[in-house]
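# Report on the structure
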Amino acid sequence: MTFTWPGMLWLLLLVPALAAVYLRSWRRRQRAVRRHAGLFQVRDAAGYGPGFRRHVPAVLFMLGLTLSIVALARPSARIVLPAHRGTVVLSVDISGSMRARDIKPTRMQAVKDAAAGFVNAQPRGVRIGVVAFSGTALLVQAPTTDKSKVLAAIDRLGPQMFTAIGSGLLTALDAIFPPQEAEAPDSPNAPLTHAVPDSEPPVVAPGSYSSAAVILLSDGQSNQGPDPLDAADKAARLGIRVFTIGVGTKEGVDLSFGGFTFHAILDEPTLQKIAQMTGGSYFKASSAEDLHGIYRSLGTRMVLEKQDTELTAPLLAAALALFVLMGAISMAWFNRIL
């Protein structure tokens, strides 16, 4: 816990001082009652009357005063709260096997429906991007808070040839850490470059970058592009969590696409390894209901992060509650305040 105005904490010395004054006053009253009062008053002073209840209002007052002083110092703490910002990139496999009908109505349509539900459920400040990958990968929607653009990008997805899981993951990372655009050359004869890479972000612990995450969905085996595990290693070094979703049934499916017939098999071990390396989780979806349930679960996982939160207001509210309770108890038991 940190304090914006730590100097106010010196006022906490008032609490033991007031407690000492209260005890001294109470003992003086007790001695006076024993010296001058009758039998019942002597009994009360000796502790056989209200007993410990006599001190409850004073204790509540001291606690309320302590909380009030701490609140004046404006304390802050890192608390896990639902985040209303951050970036999530959906990296979706659009290979030909997504036309399979083992998930109704098709794998592709079930994925699009579940992804749309996920987007609609996100807080307003979360930026969402969409990457589509088949033989290559393409950022079809840069991260944005405009849900209508994200939903339109998801709706445009359609099956293509081949599967490049590594490319899909690397393109998602580029969407989170985009390369810097090159400046226009000073001379018209100078060479024009499209972009210059940013300096490589520092290596951090896997899963430690809490402001962004990737959801990678695939239904097949990578047969194009870079090694998916090399891409996962880069994500791990950047601290990006990758939540992987395997779509399809255990037996796989035979498909004809583009004049070719092939048997599509889900490569679960690779997806599990990607999630493990990056601090994410792997999910298996064999039905449209599974997909919707997975995206609902991810909705809660994506938006939790540690935030520096000032505790002044809740501490003042707790102090006020203690003062009110003190007054209520004093009036109910003794017909007076303290």
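First, a word on scope: everything that follows refers to the structure included in this document. Remember, predicted model here, so these are calculated numbers, not experimental data. (Residues numbered from 1 in each chain as written. Predicted model: local features only at pLDDT ≥ 70, side-chain atom pairs only at ≥ 80, totals over all residues. Heavy atoms only, no water.)

## Digging into the overall build of the chain
Across its full length, the chain carries 10 helices and 13 strands. In the chain, of all internal contacts separated by at least 6 residues, the share reaching a separation of at least 24 is 80%. Here the chain displays about 18,400 Å² of accessible surface, and carbon together with sulfur accounts for 60% of that area. (Helix = DSSP H or I, 4+ residues; strand = E, 2+ residues; numbered from the N terminus. Contact = heavy atoms within 4.5 Å. Areas by Shrake-Rupley, 256 points an atom, 1.4 Å probe, with all protein chains shown as cover.)

## Some details on the nonpolar core
Core analysis: the largest hydrophobic core is formed by 34 residues, its most contacted members being L90, L217, I245, L291, Y295 and L298. Residue contributions to this core peak at 7 residues, all from helix α4 (residues 107–121). In this structure I245 touches I215, L216, L217, S218, L271, Y282, F283, A285, L291, I294, Y295 and L298, once residues within four positions along its chain are discounted. Residues L169, I176, I240 and V242 belong to the second largest nonpolar core, which totals 23 residues. (Core = buried A, V, L, I, M, F, W, Y, C linked by side-chain atoms within 4.5 Å. Buried < 20%, exposed > 50% of the residue type's maximum accessible area, 1.4 Å probe, protein only.)

## Quick word on unusual backbone geometry
That bond from K104 to P105 is cis: its omega, -5°, falls within 30 degrees of zero. Along the chain, P105 turns up in the loop between β3 (86–93) and α4. Notably, F162 is not glycine yet its phi reads approximately 70°, a positive angle. Summarising the element assignment, F162 is placed in the loop between α5 (147–155) and α6 (165–176). Its relative accessible area of 44% is what places F162 among the partly exposed residues.

## Examining α5
Given 3.6 residues per turn, any residue in an α-helix points the same way as the ones three and four places further on. Within α5, burial applies to V150, A153 and I154. Viewed along the axis of α5, the buried residues span an arc of 100°, placing them on a single side of the element. Against the buried residues of α5 lie β3, α4, β4 (126–133) and β5 (137–144). (Arc of directions from axis to C-beta.)

## A closer look at the environment of Q272
Positionally, Q272 belongs in helix α8 (residues 268–278). Take Q272: its relative accessible area is 38%, and that puts it in the partly exposed class. As for Q272 and F283, which are separated by 11 residues in sequence, their C-alpha atoms are 8.4 Å apart. Not counting the four nearest positions on each side in its chain, Q272 is found in contact with T244 and Y282.

Nothing here speaks to function; it is all geometry.
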